Amino acid sequence: MTLLRFEQVALRRGGRLLFEGLDLALAAGEALQVAGPNGSGKSSLIRLAAGLLKAERGQIERSLAALADDSLALDRELPLQRALSFWGSSPDGAIEALGLAELAPVPVRLLSSGQLKRATLARVAASGAPLWLLDEPLNALDSDGAERLAGLIERHLATGGAVLSASHQPLPGEWRRLELSS
Amino acid sequence: MRALVVREVRRGSSGLAWLPMAFFLLVVALMPFAVGPDARLLSRVGPGALWIAALTAALLPVERLIEPDRVDGVLDQLALHGLAEESIAAAKIFAHWLTFAPLLLIAAVPGAALLAMDGPALAKTELALAIGTPGLAALAVAIAAVTTGLPRAGSLAGLLLLPLAIPLLIFGAANALLLEAAVSLLLTAGAPFMAGAAIRATRT
């Protein structure tokens, strides 16, 4: 089953053509890393896949997706557990899996940037969406966080999910690579 | 969507929710200083003064309605959850009205006393305000969405909101309730679409 498909997609931002003629298919159980230098359109491709940008040309089909990018989208005045549960199903399992259990009652505004990154990843993990879109998931994560993320992704792929990740660093695990040129 | 309304009401009523109302009373309190202490004159301009105070108070929360959620990615995440931008705007309008209108109607009581308005005049104005506030809340959210991301959005919002609120002001202060209800309904029905389109347009 294909969870994400790009057909001959072109994207223009700010008058600059970032890429064109891009074909891409992501089936259940597959993980794809989008790589490329700064400004090559990695994050834009993720936002395109999330439906937050419009392609200039081409077709995009996607299943239900969850996105983790640089923006936090958690209410800072709330404890982490409550802030995460605004986004749907119970986040307790994901909080545990990312090593945030002790921080669950702590207000979001007190967390460090690495802990906030884990929190956004926990939202994706708790979402139940088959397609995960991760923009620079390793930013601000320590080695323990990266290991936990790798474990989560492995489990997600094994249960029929797919992951599209933009990163200029090598990601842990088995990834197909898509290289964007600048 | 219900969770969104609950969240908006919680955020709207925590902290400085009373600030627009303090501002409202302050503007009302300026009237006797401006037109003099003549009770008859004050009670004649009273309803109009309450309306002008209500419009200026409606401007204060505009900057917190959309902008923080856009910057923080909340609008993006809501879209990923399959919520149309129009629904987001409608939820925000409803929640904003819930946190804004009741406090305004309460603050109008001491406001009317400051302007030497009698009971029947206060009752009429309260009814007109109650009918007008949904339109005012809808306008505030729509303007907040249109100006989000722009530099000096707060000042710009004032320039946009006050002229658009003139029909509400005219019919509200003149107590033409049916016409006022029509304007309020039009604004409430149209604002979610305006705000929704504006939110989508910010994603470039």
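Residues numbered from 1 in each chain as written. Chains lettered and ligands numbered in written order. Predicted model: local features only at pLDDT ≥ 70, side-chain atom pairs only at ≥ 80, totals over all residues.

**Points about the overall build of chain A**
Across its full length, chain A carries five helices and eight strands. Going from the N terminus to the C terminus, chain A shows its helices and strands as β-β-β-α-β-β-α-α-α-β-α-β-β. For 182 residues, the compact-globule estimate of 2.2 N^0.38 gives 16 Å, and chain A sits close to it at 16 Å. Seen through its principal axes, chain A has C-alpha atoms that stretch 45 × 35 × 30 Å. Across the 182 residues that make up chain A, the buried fraction comes to 41%. In chain A, 73% of the contacts between residues at least 6 apart in sequence involve partners at least 24 apart. (Helix = DSSP H or I, 4+ residues; strand = E, 2+ residues; numbered from the N terminus. Rg over C-alpha atoms; globule rule 2.2 N^0.38 Å. Buried ≥ 20, exposed ≤ 12 C-beta atoms within 10 Å, placed from the backbone. Contact = placed C-beta atoms within 7 Å.)

**Looking at the confidence of the model for chain B**
Here chain B shows a mean pLDDT of 91. Residues at 70 or above account for 100%. Averaged pLDDT values over the elements of chain B bottom out at 87 in helix H1 (residues 2–13) of chain B and peak at 95 in helix H11 (residues 177–201) of chain B. (pLDDT = per-residue confidence, 0-100.)

**Here we look at the interface of chain A and chain B**
The interface of chain A with chain B comprises 12 residues on the first partner and 10 residues on the second. The biggest single contributor to the side of chain A that touches chain B is strand S5 (residues 65–68) of chain A, with three residues. Each residue belonging to the side of chain A that touches chain B can be placed in one class, and the counts come to 10 nonpolar, one polar and one charged. (Nonpolar A, V, L, I, M, F, W, Y, C, P; charged D, E, K, R; others polar.)

**Let's talk about the pairing of strand S6 (residues 131–135) of chain A**
Residues and elements named next belong to chain A. Within S6, five of the five residues are buried, which leaves the element mostly enclosed by the surrounding structure. Residues Leu131, Leu133 and Asp135 of S6 are buried on one face, and the alternating residues Trp132 and Leu134, pointing to the opposite face, are buried as well. For S5 and S6, the ladder comprises four bridges, and the chain directions are parallel. Looking across to S6, one finds that Ala65 is bridged to Leu131. (Pairing = 2+ DSSP bridges.)

**Section: the sheet that holds strand S7 (residues 162–166) of chain A**
Residue and element names in this part refer to chain A. Here we have five strands laid out as an open sheet, ordered S5-S6-S7-S3-S8, and parallel in their pairing. Of all the strands in the sheet, just S5 and strand S8 (176–179) have a single pairing partner and so form its edges. With strand direction ignored, the average angle separating the axes of adjacent strands in the sheet is 15°. Across four bridges, strand S3 (residues 31–35) lies against S7 in parallel orientation. Bridged to Val34 within S7 is Ala166. (Axes fitted to C-alpha atoms, helices over the stretch in contact; angles between N-to-C directions.)

**Concerning the sheet that holds strand S2 (residues 16–27) of chain A**
All names here are of chain A. With respect to topology, three strands assemble into an open sheet ordered S2-S1-S4, the strand pairing being antiparallel. A strand with exactly one partner marks an edge of an open sheet, and here the two such strands are S2 and strand S4 (57–62). Strand-to-strand twist of the sheet, defined as the mean angle between neighbouring strand axes without regard to direction, takes the value 15°. Strand direction decides the pairing type here: strand S1 (residues 2–13) and S2, joined by eight bridges, are antiparallel. Directly across from Arg12, in S2, lies its bridge partner Leu17. This element, helix H1 (residues 42–50), spans S1, S2 and S4 of the sheet and lies at about 125° to S1.

**Notes on the pairing of S7(A)**
All names here are of chain A. Counting buried positions along S7 gives five out of five residues, so the element sits mostly inside the fold. Of the two faces of S7, the one carrying Ala162, Leu164 and Ala166 and the one carrying Val163 and Ser165 are both buried. Pairing between S6 and S7: five bridges, direction parallel. Its bridge partner lying in S7, Asp135 is registered against Ala166. Of the crossover connections in this fold, the one passing from S6 over helix H5 (residues 143–158) to the parallel S7 is right-handed. (Right-handed = clockwise from strand over helix to strand, strands pointing away.)

**Digging into H1(A)**
Residue and element names in this part refer to chain A. Most of H1 is tucked away, with eight of its nine residues classed as buried. For H1, the full list of buried residues reads Lys42, Ser44, Leu45, Ile46, Arg47, Leu48, Ala49 and Ala50. Where H1 ends, the next residue or the one after it, Gly51, has phi of about 85°, a positive value.

**Brief notes about the environment of Ala97(A)**
Residue and element names in this part refer to chain A. Note on placement: Ala97 falls in helix H3 (residues 92–97). For the pair Ala97 and Ser44, spaced 53 residues apart in sequence, the C-alpha separation works out to 29 Å. In this structure Ala97 touches Ala125, Arg148 and Leu152, once residues within four positions along its chain are discounted.

**What to know about unusual backbone geometry**
With phi around 70°, Ala140(A) is a residue other than glycine that occupies positive phi space. A positive phi angle is found at Arg152(B), which is not glycine, with a value near 55°. As for its placement among the helices and strands, Arg152(B) is situated in the loop between helix H8 (119–147) and helix H9 (153–164).

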